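# Structural features, examined
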Amino acid sequence: MTTITFEGPIRGGGAPPCAVLRCSAAAEWVAALATRATGRTETLLCGAHKAQVDGGTPWRWDSAERVFLVGPDRLTAGPTPVDDYRFNVQVGDIDSAVGPAPVVLKLTAGRDEVPAVMMSRETAAALGRALLDIGEPGWRTQR
Ligand SMILES: [Zn+2]
């Protein structure tokens, strides 16, 4: 969980551009991002993007690229952080390249549902085993 607080507005001209991907407006606010894992990072936002964040628009900070992502860019640039998931087994007549009764994995990122992923039951089982392997040490599967 990343919290964001704003400091500003920045006075005077000559401010560097907003850190939102493809936004070239002058920055008006210092956005302080804080996570328990990485501590505090500062970036810059224009007035329009600060207003979007204040209005509840989902956002993400890409620390590797040092770019602020909102809107569709939040889900398409780099890995998408997932908050929740659900496995469903498709039943009935499904014309699928992944065999009968494929498994559909639905992922949720914030308020958005990420496009679902369909896989064979064998792939889903392997994914489940892989997830167990990266869980808590006490939950590791024996080989
Ligand atoms: Zn902007």
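The shown structure was predicted, so the numbers you read here are calculated from the model rather than taken from an experiment. (Residues numbered from 1 in each chain as written. Predicted model: local features only at pLDDT ≥ 70, side-chain atom pairs only at ≥ 80, totals over all residues. Heavy atoms only, no water.)

## Some remarks on the sheet that holds strand E2 (residues 29-35)
Ordered by their spatial adjacency, three strands build an open sheet running E1-E2-E3, and the pairing between neighbours is antiparallel. Where the open sheet ends on each side, the last strands, each with one partner, are strand E1 (3-7) and strand E3 (39-45). Between one strand axis and the next, the sheet turns through 25 degrees on average, direction left out of account. Sheet analysis places E2 next to E3, joined by seven bridges and oriented antiparallel. (Pairing = 2+ DSSP bridges. Helix = DSSP H or I, 4+ residues; strand = E, 2+ residues; numbered from the N terminus. Axes fitted to C-alpha atoms, helices over the stretch in contact; angles between N-to-C directions.)

## Brief notes about helix H1 (residues 47-54)
Burial in H1 covers these residues: His49, Lys50 and Val53. The arc that holds the buried residues of H1, viewed along the axis, is 105 degrees, so those residues lie on one side. Those residues of H1 hidden inside the fold are in contact with E1, E2, E3, strand E4 (59-62) and strand E5 (67-70). Phi for Gly56, located one or two positions after H1, is positive at around 100 degrees. (Buried < 20%, exposed > 50% of the residue type's maximum accessible area, 1.4 Å probe, protein only. Arc of directions from axis to C-beta. Contact = heavy atoms within 4.5 Å.)

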